[in-house]
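# An overview of the molecular structure
Here is what each chain is made of, one letter per residue.
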Amino acid sequence: MTDSYRIPSAELIIEEEIKHSRFISFLFRCQSYEELKCALTNIRADYPGANHYCYAFVAAEPGNTVAMGSSDDGEPSGSAGRPMLATLQGAEVGEIGAVVVRYFGGTKLGVGGLVRAYSSGIKQGLTQLETQLKQIRYPGLLVCDYNQLKDVEYLLAQYDGVIEERDFMEKVTLNFAIPKRFQTELNRDLATMSQGLLAAKFDFHKSDSTH
């Protein structure tokens with residue numbers, strides 16, 4: 001699994017007229033189906049009276065085949081939501097949602113025409129979309145002496161670690177998160193620094209994502 005992936009950093013709207021129908025495509029960051037539904041509700045309010053509000057989303061890292069979905073919203077099956085989703089999946093962008101609003105102009109496009117029309121704005125938008133890098137870090141735990149704290153904090157910073165909590169008791173307990181690729185190197189340097197006395201523990205099953 002990669003330690004990072006691109007996510008949208010701004011919303012984008014593309015508007016087109018295709019054979020007298022008006023297509024308005026929205027791209028935005030989406031981390032869950034609930035966020036998608038919220039965006040859809042807002043778009044329906046801002047663009048009332050449209051014939052269709054089709055959507056697709058990938059609410060996790062690129063390539064995730066579980067946290068995703070799509071809807072044709074009354075268009076012929078497979079003519080809107082699925083091609084929209086396929087376009088998103090080919091973009092190597094995670095946590096992304098798309099809604100396409102259609103105001104019917106009186107000319108039927110056919111299934112092939114609909115597939116092209118519902119994909120068109122998204123394809124254009126993906127070339128213009130502003131993105132940022134999202135880092136995936138995994139939780140770690142480390143207990144050290146007070147006189148070791150400064151050196152430990154320095155090492156964590158060198159390996160892109162983020163300290164989330166410090167517990168000052170008889171010793172110092174640090175809860176932190178760090179990219180998976182640096183975990184072996186961190187423990188190697190901790191062992192060198194402390195003559196083999198210090199080692200961090202990691203939880204590979206949980207991740208903490210920041211950007």
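This section reports on the structure supplied with the text. (Residues numbered from 1 in each chain as written. Predicted model: local features only at pLDDT ≥ 70, side-chain atom pairs only at ≥ 80, totals over all residues. Heavy atoms only, no water.)

## A closer look at helix α3 (residues 110-128)
As a reminder of what qualifies: Per the convention used, a helix needs a DSSP run of H or I reaching at least four residues, while a strand needs a run of E reaching at least two, with both numbered from the N terminus. By definition here, a helix of n residues has an expected span of 1.5 Å times n minus one. Three exposure classes are used, based on accessible area relative to the maximum for each residue type with a 1.4 Å probe and protein chains only: buried under 20%, partly exposed in between, and exposed over 50%.
Between its terminal C-alpha atoms α3 stretches 28 Å, which fits the 27 Å expected from 19 residues at 1.5 Å a residue. Inspection of α3 places G113, L114, A117, Y118, S119, G121, I122 and G125 among the buried residues, and these make up the whole buried set.

## Description of the packing of helix α2 (residues 81-89) against α3
Put simply, the rule is: Structural elements are reduced to axes, namely lines fitted to C-alpha atoms, with helices fitted over the stretch in contact, and the angle between N-to-C directions of any two is expressed from 0 to 180 degrees. In what follows, roughly perpendicular refers to angles from 65 to 115 degrees, roughly parallel to angles under 35, roughly antiparallel to angles over 145, and oblique to any angle outside these ranges. It is the rotation of the near helix from the far one that decides the hand of a crossing: anticlockwise by less than a right angle makes it left-handed, clockwise makes it right-handed. Residues count as neighbours in contact if any of their non-hydrogen atoms are within 4.5 Å of one another. Gly is placed with the polar residues, together with every amino acid not listed as nonpolar (Ala, Val, Leu, Ile, Met, Phe, Trp, Tyr, Cys and Pro) or charged (Asp, Glu, Lys and Arg).
For the pair α2 and α3, interaxial distance at closest approach is 8 Å and the crossing angle is 25 degrees. On the basis of the axis angle, α2 is roughly parallel to α3. Seen along the crossing, α2 lies across α3 with a hand that is right-handed. Counted together, P83, M84, T87 and L88 of α2 and V115, Y118, S119, I122, K123 and L126 of α3 form the full contact between these two elements. Classifying every residue of the contact of α2 with α3 by side-chain character gives 7 nonpolar, 2 polar and 1 charged.

## Things to note about the environment of Q124
Looking at where Q124 falls in the secondary structure, it is placed in helix α3. Q124 sits in the partly exposed class, given a relative accessible area of 32%. In this structure the C-alpha to C-alpha distance between Q124 and S25, which are 99 residues apart in sequence, comes to 9.5 Å. Those residues in contact with Q124 that sit more than four places away from it in its chain are I14 and E16.

## As for the nonpolar core
What counts here: Nonpolar core, defined: a set of buried Ala, Val, Leu, Ile, Met, Phe, Trp, Tyr and Cys residues in which side-chain atoms within 4.5 Å join the residues together.
L27, M84, L88, I96, Y118 and I122 are the most contacted members of the largest nonpolar core, which has 21 residues in total. Of all the secondary-structure elements, those providing two or more residues to this core are β3 (21-29), β4 (52-58), α2, β6 (96-103) and α3. By residue number, the principal contributor to this core is α3, which donates 4 residues. Core analysis: the next-biggest nonpolar cluster, separate from the first, contains 17 residues, I24, C30, V99 and V101 among them.

## Observations regarding the pairing of β4
Note the following rule: Strands pair, by our definition, only if DSSP identifies at least two bridges between them.
With 7 of 7 residues buried, β4 is to be regarded as a mostly interior element. Alternating positions in β4 separate into two faces, H52, C54, A56 and V58 on one and Y53, Y55 and F57 on the other, with burial throughout. Relative to β6, β4 runs antiparallel, the two being bridged by 7 bridges. Bridge pairing in β6 links Y55 to V99. Relative to strand β5 (residues 68-71), β4 is paired through 4 bridges, and the arrangement is antiparallel. Residue V58 lies in a different strand from β5, and its bridge partner there is M68.

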